[in-house]
Amino acid sequence: MAAAISHLQSLTQAAPSSRRVVQAVSAGEKEIQSVSIPAGKRGKLNKVVLAYSGGLDTSVIVPWLRKNYGCEVVCFTADVGQGIGELEGLELKAKASGACQLVVKDLKEEFVKDYVFPCLRAGAIYERKYLLGTSMARPVIAKAMVDVAKEVGADAVSHGCTGKGNDQVRFELTFFALNPALKVVAPWREWEITGREDAIEYAKKHNVPVPVTKKSIYSRDRNLWHLSHEGDILEDPVNEPKKDMFMMSVDPEDAPNQPEYVEIGIESGIPVSVNGKEMSPASLLAELNEIGGRHGIGRVDMVENRLVGMKSRGVYETPGGTILFTAVRELESLTLDREALQHKDLNALKYAELVYAGRWFDPLREALDAFTKEVTKTTTGSVTLKLYKGSITVTSRQSPYSLYRQDISSFEDSQIYNQADAAGFIRLYGLPMRVRAMLDESHI
């Protein structure tokens, strides 16, 4: 690291007129003024905003962009709850890689309030299991990149997604929707680097510090909603995940022998409190992640259909999210009638598909969201759940807008419901079946 920084300092102290002096600065600070950089091998861009994690892949993208497009590179990092460990030392890494600026934005509250909770309210689950953790995070990150591009005067954006995954689509559809004039550079679809060893060699050649931390055998994505695991032994669906792979939740077998009860307060389909305490969206989710994680809640192992056509196997940990989905659904059983509930469930399938496919800013998703907001306006109340060794059991549900009437549903005599009325209803409801049976008899 020190050698790389020393090398960069020598460049900035004696930079020829054909090169632009670069300097890493935090968001809000001014860049130094200097001459322009000539066009690169693949053309000329002025300034590129790069989705930056500080890992090997995005670190080597910085010099690759400068060399191939003759541009300044502004590194952008979004805090969506991936953990403080992944944010430490980023400015130093960005500087050593050749970036002119590092911008870090805390998007946790926006992520949960404007992306997670609408999906939760919609009941969006992809292919029966996936609670869309990565799918929801990409548009909020991409939207922030578009904003940063405007702030710094960039004419292009770039990401480190591979050409095999879904994330490239999610990023780029957001770019298209919010600023179609921005050029998009996807190095993994252009360069000759084919793997980690190639990337390390490229980094050494261009004096980019190579992360010295041990490379995880899994490909992981973490945010405040979930943690995903892919790769290594998981690539074969026959293999059981290793016990030490999980990070957000304990093994249900090792969870406490005593259950824990948690009460979720909900207003118009949106969670607002835990055990009677109102919290901000991000704080509420973090609290439930802690509670659910210690009881082994929210583990999912699934084979899914990627947008690009192939199947992939992933293991997901979503402790807080699983608690919230259960609570909202249970409350809806009180507040939604049959037709509304069935139509909402149908819309949820399409909603999940649109989010998974990166179409967050599609007018159809926004229209479905408007329907969901309207139909759940009376989904207000509280649900109490019992957590025990990986399982969730509902123990209480109540709402001032409940459509459940004990005086109607009771097996005791009711002044509102006359059981004799059922005979006429059944005759009318079953009329199509009787007509078909009569037709069949006439042809015997």
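Residues numbered from 1 in each chain as written. Predicted model: local features only at pLDDT ≥ 70, side-chain atom pairs only at ≥ 80, totals over all residues. Heavy atoms only, no water.

1. Brief notes about the packing of helix α4 (residues 108-122) against helix α8 (residues 281-293)
Definition in use: Only the contacting stretch of a helix is used when fitting its axis, a line to C-alpha atoms as for every element, and angles between N-to-C directions run 0 to 180 degrees. Strands are runs of DSSP state E lasting at least two residues, helices are runs of H or I lasting at least four, and both sets are numbered from the N terminus onward. For classification purposes, an angle smaller than 35 degrees is called roughly parallel, one larger than 145 roughly antiparallel, one from 65 to 115 roughly perpendicular, and anything else oblique. Should any heavy atoms of two residues lie within 4.5 Å, those residues are considered in contact. The nonpolar class holds Ala, Val, Leu, Ile, Met, Phe, Trp, Tyr, Cys and Pro. Asp, Glu, Lys and Arg form the charged class, and all remaining residues, Gly among them, are polar.
Taken N-terminus to C-terminus, the directions of α4 and α8 make an angle of 85°; their axes are 7 Å apart at the nearest point. Between α4 and α8, the interaxial angle falls into the category roughly perpendicular. Seen from α4, the contacting residues are Lys108, Glu109, Val112, Lys113 and Phe117; seen from α8, they are Pro281, Ala282, Ser283, Leu284 and Leu285. In terms of residue class, the contact of α4 with α8 is built from six nonpolar, one polar and three charged.

2. Let's talk about the packing of α8 against helix α9 (residues 319-335)
The N-to-C vectors of α8 and α9 enclose an angle of 100°; their axes lie 7 Å apart at closest approach. What the angle tells us is that α8 and α9 run roughly perpendicular. Across the interface between the two elements, Leu284, Leu285, Leu288, Asn289, Gly292 and Gly293 from α8 touch Pro319, Gly320, Gly321, Ile323 and Leu324 from α9. Residue classes in the contact of α8 with α9 are distributed as six nonpolar, five polar and no charged.

3. Comments concerning the pattern of salt bridges
Here is the rule we go by: The salt bridge definition used is simple: a Lys or Arg side-chain nitrogen within 4 Å of an Asp or Glu carboxyl oxygen. Buried residues are those whose accessible area, probed at 1.4 Å on protein chains only, stays under 20% of the maximum for their type, while exposed residues exceed 50% and partly exposed ones sit between those limits.
Taken as a whole, this structure holds 22 salt bridges when the rule is applied. Close ionic contact of glutamate 332 with lysine 344 constitutes a salt bridge, the shortest N to O distance being 2.9 Å. One end of the pair, glutamate 332, is in helix α9; the other, lysine 344, is in helix α10 (residues 338-356), and twelve residues separate them in sequence. Of the two residues examined, glutamate 332 and lysine 344, each falls in the buried class. Via salt bridges that share partners, Arg138, Asp167, Arg170 and Asp221 belong to a single interconnected network.

4. Quick notes on the nonpolar core
For the record, the criterion: Take the buried residues of types Ala, Val, Leu, Ile, Met, Phe, Trp, Tyr and Cys, join any two whose side-chain atoms come within 4.5 Å, and each joined set is a nonpolar core.
One finds Val49 and Phe111 to be the most contacted residues of the largest nonpolar core, which totals 73 residues. The element contributing the most residues to this core is helix α5 (residues 133-152), with eleven residues. When sequence neighbours within four positions are dropped, the list of residues in contact with valine 49 reads Val74, Phe76, Met145, Val148, Ala149, Val152, Ala154, Ala156, Val157 and Ser158. Core analysis: the second largest hydrophobic core is formed by 28 residues, Tyr52, Cys75, Tyr202 and Ala203 among them.

5. Description of helix α14 (residues 431-442)
Formally: Multiplying 1.5 Å by the residue count of a helix minus one yields the expected span of that helix.
The terminal C-alpha atoms of α14, which comprises twelve residues, lie 17 Å apart, in line with the 16 Å expected from a rise of 1.5 Å per residue. Little of α14 sits out of view: just zero of its twelve residues are buried.

6. Structural notes on helix α7 (residues 196-205)
Counting along an α-helix, one turn takes 3.6 residues, and residues three or four places apart therefore face a common direction. We apply this condition: The arc in question is formed by the directions pointing from the helix axis toward the C-beta atoms.
When we look at burial in α7, the residues that qualify are Ala199, Ile200, Tyr202 and Ala203. The arc that holds the buried residues of α7, viewed along the axis, is 165°, so those residues lie on one side. For α7, the exposed residues lying more than 90 degrees away from the buried face are Glu197, Glu201, Lys204 and Lys205. Where the residues of α7 are buried, they touch α2 (56-69). Phi turns positive one or two residues past the end of α7, at asparagine 207, with a value near 55°.

7. Concerning the pairing of strand β11 (residues 299-305)
Filter applied, for reference: Here, any two strands with at least 2 DSSP bridges between them count as paired.
Side chains of β11 alternate between two faces, with Val300, Met302 and Glu304 buried and Arg299, Asp301, Val303 and Asn305 left unburied. As judged from the seven bridges shared by β11 and strand β12 (residues 311-317), these two strands associate in the antiparallel manner. Pairing of aspartate 301 across the sheet is with valine 315, part of β12.

8. Comments concerning the confidence of the model for the protein chain
Note the cut-off: How sure the predictor is of each residue is captured by pLDDT, a score from 0 to 100.
The pLDDT averaged across the protein chain works out to 90; a share of 90% of its residues lies at or above 70. Note on residues 1-35: pLDDT under 50 across the span, and 62 contacts to partners over four residues away in sequence or across chains.

9. Observations concerning unusual backbone geometry
Comment: phi is negative for the bulk of residues other than glycine, and the bulk of peptide bonds are trans. Residues other than glycine seldom take positive phi values, yet glutamate 127 does so here, at roughly 50°. Tracing the sequence through the fold places glutamate 127 in the loop between α4 and α5. For glutamate 127, a relative accessible area of 28% translates into the label partly exposed. You will see that serine 268, though not glycine, has its phi angle at about 50°, which is positive.

10. Regarding the sheet that holds strand β3 (residues 101-106)
Judged by pairing direction, the sheet is parallel, and its five strands sit side by side in the order β3-β2-β1-β4-β5 without closing on themselves. Each edge of the sheet is formed by a strand with only one pairing partner; in this case those strands are β3 and β5 (183-185). Going across the sheet, the axis of each strand differs from the next one's by a mean of 25°, ignoring polarity. Bridging between strand β1 (residues 47-51) and strand β4 (residues 156-158) involves three bridges; their strand directions are parallel. Bridge pairing in β4 places leucine 50 opposite serine 158.

11. Structural notes on the packing of aromatic side chains
Keep this limit in mind: Within 6.5 Å between ring centres, the rings of Phe, Tyr and Trp (the latter by its six-membered ring) count as paired, and their orientation is classed by plane angle as stacked under 30 degrees, edge-to-face over 60, tilted in between. As a reminder, the over-ring test applies to NZ of lysine and CZ of arginine, requiring each to be within 6 Å of the ring centre and within 35 degrees of the ring normal.
Scanning all chains against the criterion turns up ten aromatic pairs. Look at tyrosine 130 and tyrosine 356: their rings are 6.0 Å apart centre to centre, the planes differ by 90°, and that puts the pair in the edge-to-face class. Taken together, the residues tyrosine 130 in the loop between α4 and α5 and tyrosine 356 in helix α10 connect sequence positions 226 residues apart. Assessed through its relative accessible area of 3%, tyrosine 130 is described here as buried. A relative accessible area of 2% places tyrosine 356 in the buried class. Plain terms: the ring middles of phenylalanine 425 and tyrosine 429 are 5.4 Å apart, the flat faces sit at 15° to each other, and that makes the pair stacked. With a gap of four residues between them, phenylalanine 425 and tyrosine 429 both fall in helix α13 (residues 421-429), about one helical turn apart. The pair formed by phenylalanine 425 and tyrosine 429 is uniform in burial state, with each residue classed as exposed. Taken together, the aromatic side chains of Trp64, Tyr69, Trp188 and Trp191 make up a single cluster linked through ring pairs. Taking NZ or CZ as reference, arginine 299 lies 3.6 Å from the ring centre of phenylalanine 246, over its face.

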